[in-house]
Amino acid sequence: MKIIIEKNIPFIKGMLDSVAEISYLAPEDITPEAMRDADALITRTRTRCDAKLLDGSKCRFIVTATIGTDHIDLDYCRNHGITVINAPGCNAPAVAQYVFSVIAGLRGLGTDFTLGVVGAGHVGSIIIDWARKMGITTLVCDPPRADAEGKEGFSDIEEIARRCDVITFHTPMTRDGKYPTFHLLDRDLVDKMERRPLIINSARGPVTDTQALLYGLESGKIGNVAIDCWENEPNISPELLRLAEIATPHIAGYSREGKIRATRMALDAVISHFGLPEVEMAEKVPAGAADNVTLSSVAASYNPLADTEALKSSPELFEHLRNNYNYRPETR
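## Some words on the nonpolar core
Ranked by internal contacts, the top residues of the largest apolar core, which has 38 residues, are Tyr98, Phe100, Ile103, Leu115, Ile127, Trp130 and Ile200. Listed by contribution, the elements that provide at least two residues to this core are α4 (92–107), β6 (114–118), α5 (122–134), β9 (198–201) and α12 (295–301). For this core, the element with the highest residue contribution is α4, accounting for nine residues. Non-local contacts of Leu115, meaning those with residues more than four positions away in its chain, are made with Ile103, Ile127, Ala131, Ile136, Thr137, Thr138, Leu139, Cys164, Val166 and Thr168. The next biggest cluster of nonpolar side chains, apart from the first, holds 33 residues, and it includes Ala203, Leu213, Trp230 and Leu240.

See the structure below:
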């Protein structure tokens, strides 16, 4: 059995070498030719898994060591008998750490403001929990959950725009269906903003329209932006990079613990699917997020300004900074 593994996935080297033929490849080397005789692929977001890559391949199992799956053509995989597994929640505590470190860095340690959380999944739920325990007034926008659970306790996106001092996005990126999130923040939503909010995007780049963000900053409708996920990565907007107070190379979820969780989940998926022997990782981490954190404890655990300085000084190194990131410890 042959497995292609993206070589930038941490903590995975050597884990499956005794039970399968393994090729560790850079994203740009995961080509149709490389995939032709592969039975499985373990990847991250930089590999587009679609007909172009997979037509003619014997691959029937893909694991992405990430929460998101928008780099995978799920319909194609479903129609061609390819099982796709992701790593839900693996880096959620790290993204929550990022969000509150941004808030602490740009607003200080006071909690007298209104936070809008758009998307209440793995990441959003931790942010909501931490915020409410800190005494921060928190509004939640999640239309799929509101439809399933009832409207009580949920706000629509327009109320978030009107009432919130900080708005943070934690949705998947979808273009179709009942709940599309492509350009969820657009110019029309910006025009509804009344409190010059800080906007944080650590979800997916296209969830926030770059031109709408620029319009909001230039018009004064938006007070600040913190961008970790960008449209057209790694070819990011120079103007948005210049104006963003916090600008990082898609590393919000890059904690050491989050990467260990993701790799463990990927290994377990492959082992279970193919009936392989169990493998033991030396690295072990707590399953969930910390409890009873404060803005000061989060600020002490991570400061995004160093990562911002690195990207602003060398935006052409976006991928290098991301792939060579020194994984930080999570807030505990």
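## Some points on α5
The terminal C-alpha atoms of α5 lie 19 Å apart, and with 13 residues this matches the ideal 18 Å at 1.5 Å per residue to within 8%. Every buried residue of α5 is listed here: Val123, Gly124, Ile126, Ile127, Ile128, Trp130, Ala131 and Met134. Buried residues in α5 make contact with α4, β6, β7 (137–141) and α12. Backbone geometry just after α5 places Gly135 at a positive phi near 85 degrees.

## Re the pattern of salt bridges
Counting across every chain of the model gives 20 salt bridges. Of the charged contacts in the structure, one is a salt bridge between Asp70 and Arg204, with a shortest N-O distance of 2.8 Å. With Asp70 in the loop between β4 (61–64) and α3 (74–79) and Arg204 in the loop between β9 and α9 (210–219), the pair connects residues that are 134 residues apart, well separated along the chain. Taking the relative accessible area as the measure of exposure, Asp70 reaches 35% and is therefore partly exposed. We note a salt bridge from Arg332 to Glu330, for which the minimum N-O separation is 3.9 Å. Judged by its relative accessible area of 5%, Glu330 falls in the buried class.

Cut-offs and rules
Residues numbered from 1 in each chain as written. Predicted model: local features only at pLDDT ≥ 70, side-chain atom pairs only at ≥ 80, totals over all residues. Heavy atoms only, no water. Core = buried A, V, L, I, M, F, W, Y, C linked by side-chain atoms within 4.5 Å. Buried < 20%, exposed > 50% of the residue type's maximum accessible area, 1.4 Å probe, protein only. Helix = DSSP H or I, 4+ residues; strand = E, 2+ residues; numbered from the N terminus. Contact = heavy atoms within 4.5 Å. Expected span 1.5 Å × (residues − 1). Salt bridge = Lys/Arg side-chain N within 4 Å of Asp/Glu carboxyl O.

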